[in-house]
Amino acid sequence: MSLMYRPTAAQQMKVVVGVKRVVDYSVKIRVKDNKVQTDNVKMSVNPFCEIALEEAVRLKEKKIATEVIAVTVGVKKADDVLRTAMALGCDKAIHIVVPDAEAATLEPLAVAKVLAKLHEELKPDLWILGKQAVDGDFGSTPQLLAGLIDAPQGTFASEIAVADGKVKVTREIDAGRQVVELNLPAVVAADLRLNQPRFPNLQSIMKARKKPVDTRAIDKLGVDTKPHLATVKVEEPAARKAGIKVKTVEELFDKLRNEAKVL
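Quick summary incoming for the structure in this document. (Residues numbered from 1 in each chain as written. Predicted model: local features only at pLDDT ≥ 70, side-chain atom pairs only at ≥ 80, totals over all residues. Heavy atoms only, no water.)

### Some thoughts on the overall build of the protein chain
A count of helices and strands for the protein chain gives seven helices and 13 strands. With the principal axes as the frame, the protein chain shows a C-alpha extent of 70 × 45 × 40 Å. The 263 residues of the protein chain split such that 40% are buried. Restricting the contact set of the protein chain to residue pairs at least 6 apart, pairs at least 24 apart contribute 69%. (Helix = DSSP H or I, 4+ residues; strand = E, 2+ residues; numbered from the N terminus. Buried < 20%, exposed > 50% of the residue type's maximum accessible area, 1.4 Å probe, protein only. Contact = heavy atoms within 4.5 Å.)

Shown next, in the form of structure tokens:
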């Protein structure tokens, strides 16, 4: 992809990346007492946040971004995803700590309000977030953040190019692709095909463990995080039935029409 923008000394480009800690995508989810069990379960960076991180680091490697800051809003243990972000190349990390009892009910609007508060302080040129988290699957935090800070947004991004104080975003839409050009500051939501995230090497991981993390309590920000939604029921997906083989096209058609009722 073509990335031609080069900030001058008087025009430093700051990128902030949102990172969320979730149950690892390869783990089989277990439900108990009407909630997903996270005790003794492998946790990792949300896959779409990994893509956002990779894109921000690439902007820095190409001398387009001069500073990359990772931000997470989560429980105390969420510190580990910030360590991963710094091992990948982020310069700084900010952890907005949420009490364990409140983390499960923290909604995208509350997270967006927190990020909007940080926007006032950090004044970044570009926000890059994952388009959604694989736990709640809301897919709305980038849009809410853009609305709160009154910035243009490029969602479902499969390619971005920064030049002349603008970011050109190729969006994945139902009809194909759409290209939009946004004035900075802007908010971009990373989709699956934006890039292929790298793995941090051991040396970078060890160095990241010693780097400081700016830790702040969420209740000190003056942001209303009261939930507006109630979870009625949480259940595991129904077990898939074993497949069968059919001998003829007629038999396949009969099963699709009369048993599966998809025709």
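### What to know about empty space enclosed by the protein
As enumerated under the stated definition, the model contains one cavity of 30 Å³ or more in all. Roughly 50 Å³ of internal volume is contained in the largest cavity. (1 Å grid on protein atoms, 1.4 Å probe; cavity = no way out; pocket = protein on both sides within 12 Å on 5 of 7 lines; lining within 4 Å. Points joined across faces, edges and corners; volume = space filled by probe spheres on them.)

### Focus: the pattern of salt bridges
This structure, assessed with the given rule, holds 17 salt bridges. With a closest N to O distance of 3.3 Å, D79 and R83 form a salt bridge. One end of the pair, D79, and the other, R83, are both in helix α2 (residues 79-88), four residues apart, so they sit about a helical turn from each other. Residue classification places D79 among the partly exposed positions, given a relative accessible area of 23%. The shortest N-O distance in the salt bridge between E172 and R177 comes to 4.0 Å. By relative accessible area, E172 is classed as buried at 17%. (Salt bridge = Lys/Arg side-chain N within 4 Å of Asp/Glu carboxyl O.)

### Details of the layout of surface pockets
When its volume is computed, the second largest pocket comes out at roughly 520 Å³. Where the lining of the second largest pocket is concerned, the elements lending two or more residues are β5 (43-45), α1 (47-61) and α2. Counted by class, the lining of the second largest pocket contains twelve nonpolar, four polar and five charged residues. (Nonpolar A, V, L, I, M, F, W, Y, C, P; charged D, E, K, R; others polar.)

### Digging into unusual backbone geometry
The omega torsion across L184 and P185 is 5°, close enough to zero to call that bond cis. Looking at the element boundaries, P185 is found in the loop between β11 (176-183) and β12 (186-190). With a phi angle near 65°, N34 is a residue other than glycine that sits in the positive phi range. Tracing the backbone through its elements, the reader meets N34 in the loop between β3 (31-32) and β4 (35-36).

### Some details on the pairing of strand β6 (residues 67-74)
Within β6, eight of the eight residues are buried, which leaves the element mostly enclosed by the surrounding structure. Side chains E67, I69, V71 and V73 project from β6 onto one buried face, and the interleaved V68, A70, T72 and G74 project onto a second face that is buried too. Pairing analysis gives six bridges linking β6 to strand β7 (residues 92-97), with the strands arranged parallel. When the bridges of β7 are listed, V73 appears paired with I96. As for the winding sense of the linkage, the β-α-β connection from β6 through α2 to β7 is right-handed. (Pairing = 2+ DSSP bridges. Right-handed = clockwise from strand over helix to strand, strands pointing away.)

### Remarks on the packing of helix α4 (residues 108-122) against helix α5 (residues 141-149)
Close contact between α4 and α5 brings their axes to 8 Å; oriented N to C, the two are set at 45°. Taken together, the axes of α4 and α5 are oblique relative to one another. The two elements α4 and α5 meet at a crossing, and its hand is right-handed. Counted together, P108, L109, V111, A112, K113, L115, A116 and H119 of α4 and T141, L144, L145, L148 and I149 of α5 form the full contact between these two elements. Classifying every residue of the contact of α4 with α5 by side-chain character gives ten nonpolar, two polar and one charged. (Axes fitted to C-alpha atoms, helices over the stretch in contact; angles between N-to-C directions. Parallel < 35°, antiparallel > 145°, perpendicular 65-115°, else oblique. Left-handed = near helix turned anticlockwise from the far one by under 90°.)

Everything listed here is a matter of geometry and, on its own, says nothing about what the molecule does.
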